[in-house]
Amino acid sequence: MRLPYELQLGWRYTRAGRATRRNGFISFISGVSMFGIALGVAALIIVLSVMNGFQKEVTDRMLGVISHIEIFSRDGQALADVDAIMAAARKNPEVTGVAPFVAAQALLARGEDMKGALIRGIDPKLEPQVTDISTTAQQGALDKLVPGEFGIVLGIELARSMFVRVGDQVTLVAPGGQVTPAGVMPRFKPFTVVGTFDSGHYEYDSALAMIHAEDAARVFRLEGPTGVRLKLKDLHQAREVADQLAATLPGQFLIRDWTRANKTWFAAVQVEKRMMFIILTLIVAVAAFNLVSTLVMTVTDKRADIAILRTLGSSPKSIMGIFVVQGAMVGVIGTLGGLLLGLGIAYNIDVIVPALERLFHASFLPKDIYLISKMPSDPQRGDILPITVISLVLAFVATLYPSWRASRVNPAEALRYE
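Remember, predicted model here, so these are calculated numbers, not experimental data.

### Focus: the pattern of salt bridges
Point 1. Applying the stated criterion to the full structure yields seven salt bridges.
Point 2. Here E127 and R229 are joined by a salt bridge, their closest N and O atoms 2.6 Å apart. You can see E127 sitting in the loop between β3 (113-122) and α4 (133-136) and its partner R229 sitting in strand β8 (residues 227-232), a full 102 residues away along the chain. With respect to class, E127 is no different from R229; both count as buried.

See the structure below:
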């Protein structure tokens, strides 16, 4: 099949100058533009993939402690019929695990040291269905939460801040006191530390403590669990499932999914990711608009060729098409090169980063500072496709003005001194 001559000439001009001195500088500028586009596209893919990886790691660690969906009573008291709510929730096909819990705030005291803590009463048998806390806790720690024995499992950072170890006792100070002849006295209950957990998320490791649900109901004077926690097949469907449960569950409940519970953090991550996308896109834009200078110099150099083509019957539209093809080829090659480079690094960053750390004798993510010690990466199609399209569009737009100038060349003036 015979290609249109505009495509043939455009591709020839793209390759021209690499072996000749006359067009060597133009070819060099074209190569710089191509390299700049490739570098910008690769940087965008790598940075967004690493940010996705960090977000995924933090989300996985967070969801190892909290559940996908939580159901509360609107008055904050114990649920009237927990078994019926759990049975109704299991009917949703997206729900894979259900467990009751008690949520309350209290003070933990040891000697003169006192810390505020989020107390969570759990059922040790059902808790593994909704969180991964059993895998981050000391082996057998949750099994030691026996009703009536008042055992407690502390976050590792909370235990360190209180200088307690397994076997030590801490005193739980419940909110709301009891009336005595001497006045209102706070309610104290000693608990024995039976284990610790390390979720890798400081917010929870430094403030969360778990006890048995029956002990929690007894200490906080509740008639039963205050909520039900759910785990889903797809965590990204949490909002949709929460809306479905709000319409199907019998009674009026407060239903909160994990995205709403951590709304501020996820909003900050999305804003940061959006700003990084905009900033790095400017790199691609600068490289793409370098094509303007390349094509302007090419048009100036090819004025005689343009004039000859015009005298042979080429239309201004065809002349414009030739230089659009030339600039678009640079954009396409640069974009594809950046795409391959970016994906190659993003998919092998777990090998590249350790090699660089050994080469420079440095640690990019020290374990004692960051909760993630390995550079994560998660390339997503939703990021890669817009990057590719934007790069190609910018390269095409950059070719329009020089190509239009080429189509306006007057053959008589161009050939006057030839």
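### Here we look at the environment of I279
Point 1. Relative to the helices and strands, I279 resides in helix α10 (residues 263-301).
Point 2. Separated by 235 residues in the primary sequence, I279 and L44 place their C-alpha atoms 9.3 Å from one another.

### Concerning the pairing of β8
Point 1. In terms of residue burial, β8 counts as a mostly covered element, since five of its six residues are buried.
Point 2. In this sheet, β8 lies alongside strand β1 (residues 69-73) in antiparallel orientation, the contact comprising four bridges. Residue pairing across strands places F72 opposite G227, the latter belonging to β8.
Point 3. In this structure, strand β2 (residues 95-110) lies alongside β8, joined through six bridges in antiparallel fashion. Paired with V98 across the bridge in β8 is L230.

### Concerning the packing of helix α11 (residues 303-311) against helix α12 (residues 316-347)
Point 1. At a minimum axis distance of 10 Å, the contact between α11 and α12 shows a crossing angle of 145°. In this structure, α11 meets α12 at a crossing whose hand is right-handed. Side by side, α11 and α12 meet where I306, L309 and R310 of the first sit next to P316, I319, I322 and F323 of the second.

### Regarding a nonpolar patch on the surface
Point 1. A contiguous nonpolar surface patch, about 490 Å² in accessible area, is contributed by F289, V389, V393, F396, V397 and L400.
Point 2. For the nonpolar patch, the leading source of residues is helix α14 (residues 381-407), giving five residues.

### Observations regarding unusual backbone geometry
Point 1. At F150, a residue that is not glycine, the phi angle is positive and equals roughly 50°.
Point 2. In this structure, F150 sits in the loop between α4 and β4 (151-155).
Point 3. The class of F150 is buried, set by a relative accessible area of 11%.
Point 4. The backbone of F163 shows a phi angle near 55°, a positive value even though the residue is not glycine.
Point 5. Structurally, F163 can be placed in the loop between α5 (156-162) and β5 (169-180).

### Quick notes on the environment of V324
Point 1. Tracing the chain through its elements places V324 in helix α12.
Point 2. Looking at V324, the relative accessible area reads 15%, which means it is buried.
Point 3. The spacing of V324 and Y401 is 77 residues in sequence and 9.4 Å in space, taken between C-alpha atoms.
Point 4. Beyond its immediate chain neighbours, meaning those up to four positions away, V324 contacts F396, T399 and S403.

### Some thoughts on the packing of aromatic side chains
Point 1. For the coordinates displayed, the defined rule picks out three aromatic pairs.
Point 2. Ring centres 5.5 Å apart and planes at 85° place the aromatic pair F150 and F191 in the edge-to-face group. Taken together, the residues span a long stretch of sequence, with F150 in the loop between α4 and β4 and F191 in strand β6 (residues 183-197) at a distance of 41 residues.
Point 3. Across from the ring centre of F150, 4.1 Å away, lies the NZ or CZ of K189, which sits over that ring.
Point 4. Above the ring of F101, the side-chain terminus of R229 is found at 5.5 Å from the ring centroid.

### Quick look at the pairing of strand β7 (residues 208-212)
Point 1. With respect to burial, β7 is a largely interior element, five of its five residues being buried.
Point 2. Both β3 and β7 contribute to a ladder of five bridges, which runs parallel. Its bridge partner lying in β7, I119 is registered against A209.
Point 3. Bridge count for β4 against β7 is two bridges, and the pairing is antiparallel. Along β7, the bridge assignment pairs L154 with A209.

### Observations concerning helix α8 (residues 238-248)
Point 1. All buried positions along α8 are accounted for by A238, V241, A242 and L245. Mapping the buried residues of α8 onto a view down its axis gives an arc of 105°, with all of them on the same face. Projecting away from the buried face of α8 at angles above 90 degrees are the exposed residues A246 and A247.
Point 2. Structurally, α8 contributes buried residues whose contacts are with β1, α3 (82-90), β8, β9 (253-257) and α9 (258-261).

Conventions we followed
Residues numbered from 1 in each chain as written. Predicted model: local features only at pLDDT ≥ 70, side-chain atom pairs only at ≥ 80, totals over all residues. Heavy atoms only, no water. Salt bridge = Lys/Arg side-chain N within 4 Å of Asp/Glu carboxyl O. Helix = DSSP H or I, 4+ residues; strand = E, 2+ residues; numbered from the N terminus. Buried < 20%, exposed > 50% of the residue type's maximum accessible area, 1.4 Å probe, protein only. Pairing = 2+ DSSP bridges. Axes fitted to C-alpha atoms, helices over the stretch in contact; angles between N-to-C directions. Left-handed = near helix turned anticlockwise from the far one by under 90°. Contact = heavy atoms within 4.5 Å. Patch = residues over 30% accessible without salt bridge, like charges linked within 9 Å, V, L, I, M, F, W, Y side chains within 5 Å. Areas by Shrake-Rupley, 256 points an atom, 1.4 Å probe, with all protein chains shown as cover. Phe/Tyr/Trp six-rings, centres within 6.5 Å; stacked < 30°, edge-to-face > 60°. Lys NZ or Arg CZ within 6 Å of the ring centre and 35° of its normal. Arc of directions from axis to C-beta.

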